[in-house]
Structures are given as structure tokens and as C-alpha cells.
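Here is what each chain is made of, one letter per residue.
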Amino acid sequence: MLTHLQRLEAESIHIMREVAAEAENPVMLYSIGKDSAVMLHIAMKAFYPALPPFPLLHVDTTWKFREMISFRDNIVAKLGLKLFVHTNQEGLAQGIGPFTHGSAIHTDVMKTQALKQALDKYGFDAAFGGARRDEEKSRAKERIFSFRSKDHRWDPKNQRPELWKTYNARKAPGESIRAFPLSNWTELDIWQYIYLENIPLVPLYFSAERPVVERDGTLIMVDDDRMPLKPGEQPQMRKVRFRTLGCYPLTGAVESEADTLTAIIQEMLLTTTSERQGRVIDHDQSASMEKKKQEGYF
Amino acid sequence: MAHQSDLIAEDILAYLKSHEEKSLLRFITCGSVDDGKSTLIGRMLYESKMIFEDQLTALQSDSARFGTQGEGIDFALLVDGLASEREQGITIDVAYRFFSTDRRKFIVADTPGHEQYTRNMATGASTADLAIILIDARKGILTQTRRHSYIVSLLGIRHVVLAVNKMDAVEYSRDVYETITRDYAQFASGLGKDGKPPFEIVSIPVSALKGDNIVEPSSNMDWYRGPVLLSHLETVKVDDLAESQPFRLPIQWVNRPDSSFRGFAGQIASGVISPGERIRVQPSGRESTVARIVTQSGDLERAVAGQSITLTLNDEIDISRGDLISPALSPAEVADQFETTILWMADEPMLPGRPYLLKIGPKTILATITAPKYQVNVNTFEHIAATKLDLNEIGVCNIATDRLIAFDPYETNRETGGFILIDRLTNATVGMGLIHFALRRSANIHWQALEVDRSRRAELKNQKPAVLWFTGLSGSGKSTIANLLEKKLAALGHHTYLLDGDNVRHGLNKDLGFTDADRVENIRRVAEVSKLMADAGLITLVSFISPFRSERRMARELMPAGEFIEVFVDTPLELAEQRDVKGLYKKARAGEIRNFTGIDSPYEPPETPEIQIQTADMSAEDAASMIFDELLARKIIAG
């Protein structure tokens, strides 16, 4: 009998092979975080001894932690994969950023709009994402093969029924699919799998002395000199780590001593707040993710 | 995720080891809002400590805003996901929930219970190993209980938990519980064969609201000695069956990194495989033996149902996506005609005769469905006569596929016996089906290879066979142009035949009316007849309104490439109506004729016809000459 992780891995492989077989120009969205790390690891298994028959795409807001970018470049070189990096050049020219424009505008322009641009630019008709159904309530109802209209909108009321594992990947020209091979994984499953398979992670997940300032109860790491300090603010070295990774100004650190994988898992199991709490964008209202996704957020 | 387990704090490695060994159970909860279904799921999440403090805080504030439990926590809000649903207080779609205990990980498919959501329930049931059927103790077995049980048995779920809920509202009465249990056992026996229920039933009296018999035995029901809900879910054995069945590997992907490696990748649907075993590739029937089971972390000696693997074989044989690998000694069946049960999932009704895409495992083919033998009333299980299936209706239909496929009856193998139906124009998933058995006539009637073939017959006539398919509104001029063209061809000694819509309806199709379903059948028959005529070597002219793209496409696909020429007689509705040669538009406008194309029935114009004729700018004679020139250009006839 297979264990739950073996079943989850087999399901993810099955999904990846279906997309590779049915889409004309698939791509894997690679966000450098732990879920992307697991997704990439499974992709390497799914097509072994060949390499995955699709490139990776990273939507770079230019505000990611520097360590994420160097980690990304190392992994891609080591595995011998093709990576596309896309930045919304109009947004960049307008100087859009989290400090000047706030999290909502920054996320919309540099992430949501940038992703649409990249998919259109390269003509990708299917994109793998590492989202999980346990992350957030609107995700719980999203299909594994999720359709997007020509303008990348998601219609939650008009989703195709998904029976057994017989996925209907057909679409009209211009429409695209987001495929979520990790749909049925939980946060604990992800960590357990990383531990069992010894998957490399960005060091930011592990606790270390890092320069941070505290704003509205959130610890923000000063990753470069673009961060404007308020009067009286002085970066302090604290032992912190990150439970999720994104744009550094929008990602809260947690104080932690956990500097090994097992210590991280232990801390995660004993904690009492959910993982997305560290993400500034979810706080607005509880249905905010559903709204973002209808507009094309991944 | 505060599992308050000391093990985590004291020995994380031991905890991880135990978590690693956990198995997985997927189940569905069936019941309506009123039965307390969402409350039950919310309660299980809560009791298994799967709710974080921040989620609990949000839940408390949501309970105050939308809740139905006064001051208390409304667990239902935890599981009702989408904003619009929360406002309406109903669960519309299938949502998946996750929780785990020390022994198992669970995936719950939470689906709505009302009749108009039968398709959603079937979707959730398709991946479930077990179903919890909720009954309100105050109400007993209802119509919906019967419907849910029927769908559960149809989808092949073999384990049922009958959760008799709201026991607190009947003063925890043993009598009430036992009456319901007895009634249910009797009812379920009628669903199966030989007077036995089609699934194992375990009944548990619970109160989701108060937490009785969910995690801990209830002190309110001392008389109940069976398992509590969660411990039953933790221990019930579900996946022993798949490994004991014959090996089946539907091929998803042919892996060819270079010329030295050729692997066949897929997820094992059932059974076990090892290197050296003799296999058969279906439907082709070619045989070989397994060379290796390749994975990134080394070759395997054995692989079992549920694993995603890559096989190599000892012989170079042709295998492509959609083929099935089976043991040479216990292969799947191969056929192209089946009896099936179909559940229709689209707003547009199922039209017999219209071709749909059928996807079974990784294989996609064309299929046509016959008129239902009968429809099943999902509440009473009565068989009713039907000519089509509407949304959420279930019927038994025969299906014919355009080529052979390998399959097992759904009863013995869900993965190789279940299929989805896809609309070819909208690409929507419009239905699901379960194969019962192959129709013997497809196994026994073989295509007779004839010695005088179509090219020989056409040669004798000094022409190439073709079907000229004239489509357009009533009164557009199709028949006039086709007539003129035929005269021209006949004058030059060509062999032709003109199939005219009105004429065929006096004979071959006189049993058909003008509903969408009958129009589809009308065109199907005409397409088959025109194919026979082209086979006989004739230049066949078909003059039919043929309003739907799907059917014209079906006709096109019956013919070899280049032999089907679609002629769109493009006349604007105003002009056709103005001409109104037969006086039909007048009658249709007056309401004397129903389903009249262009008036109260749609016409879908061709997107890329081979020939398009704008009759507003061109006489019928010129149109006929233009088509004649096109036939010369296409070398159908010689100059």
C-alpha cells in the first residue's frame, strides 16, 4: 500500500504528464519558494531520464530577496533547464514599487499584469503553478486544470467538472490553462516531502541573523538600500526566518531559532497561525483572494 | 497546525517517521445544508486541530456576520468558500478539505446535495473511496438520501458511513436511530444485485453541532457500542482491491530523450508489474516483455497500482499516448460499441447522433451516442422513456466510437471503465459515462473488405468521388444552384446524385421532426447515405439547411480528406425571408411552424467553407458555373 506522500507524488506526476501531452506550449511558473522547489523536483522525476519538456518562467517584480535570485540562477544552471525571466517594463519605467505605491498596486502591476504579459509574449497555453487547495478558501474549489479566458480571467461559477483523473485540457485559441499539480498537498506534506527527498531550499527559510525593522507588528528585512527608513527606524540584527517568500517589503519575517529542516517542521507544527498570515496582500478582506484570482492573479 | 501532540515537541524525528507512514483516505460527504453537512466537516477540522488561531479569529468574526448559530461558532462558515456562496448560505461547487490525524491523512470532497447539483456530487464521488451519507434524525430517509445513495453506488464507492445526525434534536433516542438504520439497510439492498447492498454500510448516530460520536464516544448515547466517526475513518480498509486486479497501465507519455531510450509513462490503474512479465499493448494486440521500470532513483523490481512509472520493453513496438498496457494473459476487452450509463452535465441537452469527444484515461476519440434506452429517475429509480438527456439527467445509452478502444467494465475498474464527454465546439465537459459492457454486435460484425473498391468504381466513371454539401437558410437558393450544377455535370456525362432535404424527409427520414435532436439524426443519416454514394463513385450533391456546425463537421469527417466540399449559400435572412418561395417564413412568423431555422432555431454559419456564394450579388447560373470551375480546379472532374 502506498503512503499518502507516495500517492500525492504519483498524482502530481500524472498531472504534469497530462499537461505536457495535451498543451502545445506549456511552462512552469517558478517562484523560487518551497512549493516551486517541490514542483520542480517532481517534474524532474516525471520525465526522467529526459528533462521536463517545458521551460520555467519567473515573474520578477525586481523586489524579490537577493538570495532568491542567486538561488534561482544556481538551480536552473545545475539542472540544465531553460528559464524565462519577465519583468513588467512599463511598471518598472513608472517606478511602481511596494514602498511608493502600496502592496495592492505593486502586486497588480508587477505580478498579475506582468504574468499576463509574459504568458501572452511567449504564447504559453498552459502554466503550472504550485498553489495548494489548503492555502486559502477560494483555492479549495479551484480545479486542478483551471481555465482562463483570453483575458486571463477565472470564472469560479463556470468551472468544468473534473472527474476521476480524466482532465479535459481542450481550449479555444487564446484561452489558457493553469494547472496545479500540488492541489492536494498540505503545508505539512510539502515540508515532509522536502525533508524526505532532501530538496534544496533558499536559505531564507532557515533562521539566521538578519537586519530587520518592525512595522505595524510585522518584521521587514532590509534587503537593499531601496527601503526608505522612517524617522527613528534603525535596522536591527535579529534571528529570523521566513515562512513564505515573495517581495521582501511585503514578506514578514518571524523570530525563530529554527535553523534546520526538522526544527522548521517542528516549529510549523507547534505554531498557531496559518502560513499566509505573513503575506500582506491577504489581509484586506477574507474574500480578497477570490477577487484577485478572477482578475488574473495566479 | 497545532496538533497538541507531545511527540512533536519531544521527538520530531519520531513524529515525522509516523507521519511518513500514514495512508490517505478520500471521502465525500453527501447531504444538504439542512442536514448539517458543512457543520460536520467544520467540526472534523476543528476537532483534529486543523484550524489556526488566525483562522479561528476570522471564523468568529464571520460567525457574527453571516452565522446561523447565534453567539456560537458556525462551523459551516469554515467550509463554505466562495464569497457569493457565503452570502447565499449555500454550497454550490465541489470544495476539497484536508485534515490529518495521527493515523491518516484525509481529503474531503464537500459537494452540494440538491438535485440540481447532481453533477457536482458525481464529480466529488468519482475520486472518493468512501461516502458519508448524512441523515437528519428528525426526518429519516428522504428522497435525497435515496438519490445520494444511488449516485454513490453508480460511481462505484464501496464503503458508506450512514451518519444519523442531529441526534441531540431527538433526545438521543435509540429507537429513532435503529428505525432509520433498519429502513436504510432495506432500501440499500434494493440498489444492489442479489438483494445485497452495493456497498458496505456502517451506521453511526452523531450530532455534528454538539460533537457527539465524532471524535469521542458520546456520553449521551451509552446504548451505541460501535466506532465513533473519526476512528472509523482512520481504520477502514479501502485500497486493497486495486492491487489484486489485473495490471493496467494507460500510456500518457512516450519518453524519448534520445534514440537509445524509449520509455512508456503512465500511472498504474490497477495491479502489479515486474520486469520480465509478458504484456500486451491494446488495442493493437502487439506483445512484448517488460525490460525495466525506470525511475530517477534507480530501477524498480516491482510497481503497484497508483504509482506513476516509466516502463521500457524488450521489443521495439509501436506504442502511443492512449494505448493500454495489460498482461498478455489477462488483457482488457477491446471494442467500439458499448452499453453505458451517462450523466449529462451541461445546460445544452445531449443530442443522440451528434458526435462528441470521448476521453477515457489518456485517450481521446470521437463517439456518437444513441437515443437513451431509458432515463433513470434519480429519486425513484424508475426507468422512463426519453429521447435526449438534460442537465443532471442519467440515462442508459449505447455509444459507438470511431475506433477500437481497450476498456474494462466500470464495475471492475473505475479508471479503465469511466469516461468524460466533451463538446467539440465549446470544449466544455458535457457528460460523464460508465461502461457496462461491449455490444456483441461490434465484436462479431467485421468490416467486409471488398475487392472492387471506391477508387476502381470512380475510375470507371472517369471522375473522382466527392460530396458537395450545400448549407444555408431555407430559401437561400441551395436547391436551385445544386439543380443547375447537376444538369451541367450530367450534360458532360458525369455520374451524380442530388440528395435534397425536402425529398429525403418524404422517405428515409419521414419519421423525423424538427427538434434539435431530430435535426441531428436527419443529418447523420444523410451524411451516411452521401458517404455510400461517394463510395459508389458518384459526385454527390447534398442540399440541406444543416444548421449546426457539429453535424456538418461530422459529415466532413466521414469522408476522406479533399472529398468533402462545403458550399455555403450565404443569403441574408432578410433576403431569404423576402423571397419566401415556399411561404414558410410567413407561417413561421405567424407561429404556425415551430423550430424554424433563422426564426426560432439557430443557424450556425460555416467558418471556413470551401466555397462561399453571396446570392445577393450573384445569379444562380453564375454560382453553378463558379462551383463547376472549382471542381475542375480540384481535379474532381477532368476538363
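Residues numbered from 1 in each chain as written. Chains lettered and ligands numbered in written order. Predicted model: local features only at pLDDT ≥ 70, side-chain atom pairs only at ≥ 80, totals over all residues. Heavy atoms only, no water.

K.L.:
Tell me about helix H8 (residues 143-154) of chain B, and name the residues and values.
P.N.:
Residues and elements named next belong to chain B. Over its 12 residues, H8 runs 17 Å from end to end, which matches the ideal 16 Å to within 8%, given 1.5 Å per residue. Summarising burial for H8: 10 of the 12 residues are buried, a large majority. Just past H8, the residue Gly156 takes up positive phi, approximately 80 degrees. (Helix = DSSP H or I, 4+ residues; strand = E, 2+ residues; numbered from the N terminus. Expected span 1.5 Å × (residues − 1). Buried < 20%, exposed > 50% of the residue type's maximum accessible area, 1.4 Å probe, protein only.)

K.L.:
Provide a residue-level description of the interface of chain B and chain A, including the pertinent values.
P.N.:
Counting residues at the interface gives 87 residues for chain B and 68 residues for chain A. A combined buried area of about 6,900 Å² lies between chain B and chain A, and 57% of that area is made up of carbon and sulfur atoms. Taken together, chain B and chain A are joined by 27 residue pairs in polar contact (both at pLDDT 80 or more). No other element matches the six residues that helix H2 (residues 12-20) of chain B contributes to the side of chain B that touches chain A. (Contact = heavy atoms within 4.5 Å. Buried area = accessible area lost by both parts, 1.4 Å probe. Polar contact = N/O pair within 3.5 Å; in protein donor to acceptor, adjacent residues only side chain to side chain.)

K.L.:
Residue-level account of helix H5 (residues 98-122) of chain A, with values.
P.N.:
All names here are of chain A. Helix length check: H5 (25 residues) gives 27 Å between terminal C-alpha atoms against 36 Å at 1.5 Å per residue, more than 12% under. Considering bend angle alone, the principal kink of H5 is centred on Ala104 and spans about 80 degrees. Burial in H5 covers these residues: Pro98, Ser103, His106, Thr107, Val109, Met110, Thr112, Ala114, Leu115, Lys116, Ala118 and Leu119. If you follow the buried residues of H5, they end up packed against strand E1 (26-29), strand E2 (56-59), strand E3 (83-86), helix H4 (89-93), strand E4 (126-128) and strand E6 (176-179). Two residues or fewer after H5 comes Gly123, characterised by a positive phi angle close to 65 degrees. (Bend = angle between axes of the 7 residues up to and from the residue.)

K.L.:
Outline the packing of helix H6 (residues 187-197) of chain A against helix H7 (residues 261-270) of chain A, listing residues and values.
P.N.:
Residues and elements named next belong to chain A. Put simply, H6 and H7 touch, their axes get as near as 10 Å, and they point 165 degrees apart. With respect to H7, the element H6 is oriented roughly antiparallel. The way H6 lies across H7 gives a crossing that is left-handed. Counted together, Glu187, Leu188, Trp191, Gln192, Ile194 and Tyr195 of H6 and Leu261, Thr262, Ile264, Ile265, Met268 and Leu269 of H7 form the full contact between these two elements. Residues of the contact of H6 with H7, tallied by class, amount to nine nonpolar, two polar and one charged. (Axes fitted to C-alpha atoms, helices over the stretch in contact; angles between N-to-C directions. Parallel < 35°, antiparallel > 145°, perpendicular 65-115°, else oblique. Left-handed = near helix turned anticlockwise from the far one by under 90°. Nonpolar A, V, L, I, M, F, W, Y, C, P; charged D, E, K, R; others polar.)

K.L.:
Which residues make up unusual backbone geometry, and what values do they have?
P.N.:
With an omega of 5 degrees, the peptide bond between Tyr48(A) and Pro49(A) qualifies as cis. Structurally, Pro49(A) can be placed in the loop between helix H2 (34-46) and E2. Omega for the bond connecting Gln282(B) with Pro283(B) falls within 30 degrees of zero, at 10 degrees, which places this linkage in the cis form. Structurally, Pro283(B) is set in the loop between strand E11 (278-282) and strand E12 (287-294). One non-glycine residue, Lys635(B), lies in the positive phi region at around 60 degrees. Inspection of the secondary structure assignment puts Lys635(B) in the segment after helix H21 (620-633). Classification of Lys635(B) as exposed rests on a relative accessible area of 61%.

K.L.:
Please provide a residue-by-residue account of the environment of Ala335(B), values included.
P.N.:
With respect to the element layout, Ala335(B) can be found in strand E16 (residues 333-344). Sequence separation between Ala335(B) and Ile405(B) is 70 residues, and the spatial gap between their C-alpha atoms is 5.7 Å.

K.L.:
Please give an account of the nonpolar core that cites residues and values.
P.N.:
Core analysis: the largest hydrophobic core is formed by 77 residues, its most contacted members being Val38(A), Phe145(A), Trp185(A) and Trp191(A). Per element, the largest residue contribution to this core is eight residues, and it comes from H2(A). Residues in contact with Trp185(A), not counting those within four places in the same chain, are Leu5(A), Leu8(A), Glu9(A), Ser12(A), Val38(A), Ile42(A), Arg132(A), Asp134(A), Ile190(A), Tyr193(A) and Lys105(B). With 76 residues, the next largest nonpolar core counts Tyr96(B), Met121(B), Ile133(B) and Ala137(B) among its residues. (Core = buried A, V, L, I, M, F, W, Y, C linked by side-chain atoms within 4.5 Å.)

K.L.:
Explain the packing of aromatic side chains to me, and be specific about the residues and the numbers.
P.N.:
Centre-to-centre distance and the angle between the planes together describe a pair of aromatic rings. Going through the model one piece at a time under the given rule, you end up with 28 aromatic pairs over all chains. Measuring from centroid to centroid gives 5.4 Å for Phe47(A) and Trp253(B), while their planes differ by 75 degrees, and the two rings are edge-to-face. Note that Phe47(A) is positioned in the loop between H2 and E2 and Trp253(B) in strand E8 (residues 253-255), a pairing that runs across two chains. Here Phe47(A) and Trp253(B) have matching classes, each one buried. Taken together, a centroid distance of 6.2 Å and an interplanar angle of 20 degrees make the contact between Phe568(B) and Tyr603(B) stacked. One end of the pair, Phe568(B), is in strand E27 (residues 564-570); the other, Tyr603(B), is in the loop between helix H20 (584-589) and strand E28 (611-614), with 35 residues separating them in the sequence. This pair shows no difference in class: Phe568(B) is buried, exactly as Tyr603(B) is. Aromatic ring contacts, followed pair by pair, group Trp63(A), Phe65(A), Phe99(A), Phe242(A) and Tyr248(A) into a single cluster. (Phe/Tyr/Trp six-rings, centres within 6.5 Å; stacked < 30°, edge-to-face > 60°.)

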